[in-house]
Amino acid sequence: MSTKLSCLEAILAEIGNFGKFQYKIVSLISLAIMAIYMPAIIWIFETKVPNYRCEIRGCETQPAEYKPAWWEEAIPSVDGEPSTCERYKLVNASLPNQCVFDKSIVERCDEYIYETSERSTLHDFNLHCEENYWKLTLIGTMTNTGLFIGLPITGMLSDRFGRKTVLLGCIISTGFAGLIRSFSNSYVFFITMSFLDSVARGGSFTNAYIIALEFVAPEKRTVVGVLLNISCSISGVFVGALAWSLQTWRTLDQILYGASLIMVTYYWLLPESVRWLLTRNMYTKVEKILRNIAKTNGTNLSEQNLKTLWKSDTSEVSPESRHKFKELLKSPILTRRYINCAIFWGVGLFSYYGLTINSVALSSNPYFDFILTMLVEIPGSVLVYFMLDRIGRRYTLATGFFTCAVSCLSFIFVPEDLYWLQLCIYLFGKFGTAIVVAIVYIVTSECFPTNLRSSLLSSCSMCGRLGGMLAPQIPLLKTYWEQLPLVLFGSSAVVGSILSLQLPETVGTTLPDTVEEAENIGKLGSTEDTM
């Protein structure tokens, strides 16, 4: 660590690194995390497929019923439910109970009767029938593609304009994009705005985490990370509950995206990253923030320490190498470690988003099931806090993957009529993925040297987005085998569990500053050298 950063850490310890000021920052960032996470999952309800069937003109009662007494005479049955887009040929229509059909002739239809009054993009953009379902899943893929593209763009902008500035710009841009999207009158316009929304939101999580964590003591950063993960879960519960209440995607978008515009007030409430300000030599702003921390926490800022900060080494943190990957490739150990991390990021987010998306297909009440899958993430995040320093990073990560794998692969053997048993097993799998998501940032950041850490962490995160891009397409495989998605989620988690055990154990070690230090992490307990 540079002299300047050492001085800053000493000053933060002096003026209080977990007082009233830090409580305020963590609370503000928690709300910001909620505003960021909502758009990441809202598309699940925008693209919801309700139960529907063909409308039989001349035979329907008013109001029309989804399952009238005569439906099996008029519509083919698929697993005990009316076919969505096929009907038998109507020979004679008089009264509802006296319509005559020729069951030897099956016709397609273009008008529909729905079981509920809920509305999704399926209704508004006429995305009915299985041949159009790929357009619905493409919305989720484009959402994660936007995040994949936006992540490096946001990173570069943050380095240039500051963490807070870009964070607020991302959230507000996302809010406007979502509001505009809610008035879409075509599928193409809708999916374009979904993509732009995601690009704008790309690196918001990273900036929010950085701002929150750098103001607190190192020993408190794990619990703050857990609290921020819990904020995501609470946000998901809120989205599910609001979607359940409204059951119309346009109003849901307008409320959630409109609420995010309130974040413009953070321009006055949230301080800029002190470390970023130091890299730009903005000493006046740094001093103002440090004095504000001291005042809020009821402590004193030593003038001597402040003078030492200004006079300390102005080189700050050594700049990251411009040839990061060349330096990485010079070390076979770090190269294998990077590939390992990139893969388990990909399979981890693939399983996490896959189970989140698939939760709305568990039963006849998708909203309730979705809310439960969000709630179960909370104990998963809390458990990480207690496991990290007791059993170690890699065993905690492997436990999360293994739990997900066992649950997903067990689920396929449970009879469909045992709904509550299915639900419990499914939730246990989601619990495992919550552990994985809560720890991957920590594990990855502790495995690489200072000059490569930020770039490799961002690169691994982008690989994770590849898993997120693939996950929305997996439900389409149900047409081949109903349980195939869970087999894929479970199998990928098995891969993640095995790869996790190849990592060096970093518990109790200091962050490596050089390639040599990174290579020597946990050599006695690692299997890396034999890979």
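Residues numbered from 1 in each chain as written. Predicted model: local features only at pLDDT ≥ 70, side-chain atom pairs only at ≥ 80, totals over all residues. Heavy atoms only, no water.

The protein carries the name Major facilitator superfamily (MFS) profile domain-containing protein in an unreviewed UniProt entry, which gives Photinus pyralis as its organism. As stated in UniProt under Subcellular location (unreviewed entry), the record for the protein gives "Membrane". (UniProt positions renumbered as here; feature names shortened; annotations may be inferred.)

### A closer look at a nonpolar patch on the surface
Together, I149, I153, M156, L157 and F161 line one region of the surface with nonpolar side chains, adding up to about 450 Å² of accessible area. With respect to the helices and strands, I149 occurs in helix α5 (residues 133-161). The partly exposed category is assigned to I149, whose relative accessible area is 34%. (Patch = residues over 30% accessible without salt bridge, like charges linked within 9 Å, V, L, I, M, F, W, Y side chains within 5 Å. Areas by Shrake-Rupley, 256 points an atom, 1.4 Å probe, with all protein chains shown as cover. Salt bridge = Lys/Arg side-chain N within 4 Å of Asp/Glu carboxyl O. Helix = DSSP H or I, 4+ residues; strand = E, 2+ residues; numbered from the N terminus. Buried < 20%, exposed > 50% of the residue type's maximum accessible area, 1.4 Å probe, protein only.)

### Focus on the packing of helix α6 (residues 163-181) against helix α7 (residues 187-201)
Running from N to C, α6 and α7 point in directions that differ by 170°, and their axes come no closer than 8 Å. Between α6 and α7, the interaxial angle falls into the category roughly antiparallel. Residues C170, S173, T174, A177, I180 and R181 of α6 form the contact with α7, whose own contacting residues are F189, F190, M193, S194, D197, A200 and R201. Of the residues belonging to the contact of α6 with α7, the class tally is seven nonpolar, three polar and three charged. (Axes fitted to C-alpha atoms, helices over the stretch in contact; angles between N-to-C directions. Parallel < 35°, antiparallel > 145°, perpendicular 65-115°, else oblique. Contact = heavy atoms within 4.5 Å. Nonpolar A, V, L, I, M, F, W, Y, C, P; charged D, E, K, R; others polar.)

### Thoughts on the packing of aromatic side chains
Tallying each qualifying case throughout the model produces 20 aromatic pairs. Their ring planes at 15° and their centres at 6.0 Å tell us that Y209 and Y441 sit as a pair that is stacked. Placement of the pair is Y209 in helix α8 (residues 204-214) and Y441 in helix α20 (residues 419-446), with a sequence separation of 232 residues. Among the aromatic residues, those joined into a ring-pair cluster are F45, W244, Y367 and F370. Looking at K164, its charged tip hangs above the ring of Y267, at a distance of 5.0 Å from the centre. In this arrangement the basic side chain of K220 is found over the ring face of F18, its NZ or CZ atom lying 5.6 Å from the centre. (Phe/Tyr/Trp six-rings, centres within 6.5 Å; stacked < 30°, edge-to-face > 60°. Lys NZ or Arg CZ within 6 Å of the ring centre and 35° of its normal.)

### Observations regarding the state of the cysteines
On inspection of all chains with the given rule, the structure shows three disulfides. Through a disulfide, C59 is tied to C99; the S-S separation comes to 2.0 Å. Looking down the S-S bond of the C59 and C99 bridge, the torsion is -115°, so its handedness is left-handed. Placement of C59 in the loop between β1 (52-54) and α3 (71-74) and of C99 in the loop between β4 (86-92) and β5 (100-108) is noted, with a sequence separation of 40 residues between them. The pair formed by C59 and C99 is uniform in burial state, with each residue classed as buried. Between the sulfur atoms of C85 and its disulfide mate C129 the distance is 1.8 Å. Its S-S torsion of approximately -110° makes the covalent link between C85 and C129 left-handed. You can see C85 sitting in the loop between β3 (81-82) and β4 and its partner C129 sitting in the loop between α4 (121-124) and α5, a full 44 residues away along the chain. C129 matches C85 in its accessibility class, with the two residues each being buried. (Disulfide = S-S within 2.5 Å.)

### Topic: the layout of surface pockets
Estimated volume of the second largest pocket: approximately 2,100 Å³. Contributing to the lining of the second largest pocket are 50 residues, with V49, N51, A361, K478 and E482 lying nearest its centre. Looking at the lining of the second largest pocket, the elements that each hand over two or more residues are α2 (20-46), β3, α5, α16 (332-358), α17 (366-375), α20 and α22 (484-500). If you tally residues by element for the lining of the second largest pocket, the top one is α5, at three residues. Here the lining of the second largest pocket is composed, by residue class, of 25 nonpolar, 13 polar and 12 charged. (1 Å grid on protein atoms, 1.4 Å probe; cavity = no way out; pocket = protein on both sides within 12 Å on 5 of 7 lines; lining within 4 Å. Points joined across faces, edges and corners; volume = space filled by probe spheres on them.)

### A word on the pattern of salt bridges
According to the stated counting rule, one finds 21 salt bridges in the structure shown. For R53, the salt bridge goes to E60, with nearest N and O atoms at 2.9 Å. One exposure class covers both R53 and E60, and it is buried. A salt bridge links R393 to E446; the nearest nitrogen and oxygen atoms lie 3.1 Å apart. In this pair, R393 sits in helix α19 (residues 393-411) while E446 sits in helix α20, placing the two residues 53 residues apart along the sequence. On the basis of relative accessibility, which here comes to 12%, the residue E446 falls in the buried class. Shared partners join several salt bridges into a network, and the residues in it are E46, R181, D197, R201 and D253.

### Description of helix α9 (residues 221-246)
Counted at 1.5 Å a residue, the expected span for α9 with its 26 residues is 38 Å, and the 37 Å between its end C-alpha atoms agrees. In the segment just after α9, Q247 is the residue with positive phi, at about 55°. (Expected span 1.5 Å × (residues − 1).)

### Some points on the domain arrangement of the protein
Assigned domains of the protein: these are domain 1 (1-50 + 131-301), domain 2 (52-115) and domain 3 (328-521). Domain 1 puts 34 residues into the contact, and the matching count from domain 3 is 32 residues. Summed over both sides, the interface of domain 1 with domain 3 buries roughly 3,000 Å², with 75% coming from carbon and sulfur. Applying the counting rule to domain 1 against domain 3 returns six residue pairs in polar contact (both at pLDDT 80 or more). For the side of domain 1 that touches domain 3, the secondary-structure elements that each account for two or more residues are α2, α5 and α9. Classifying every residue of the side of domain 1 that touches domain 3 by side-chain character gives 21 nonpolar, 12 polar and one charged. (Domains from an automatic or database assignment. Buried area = accessible area lost by both parts, 1.4 Å probe. Polar contact = N/O pair within 3.5 Å; in protein donor to acceptor, adjacent residues only side chain to side chain.)

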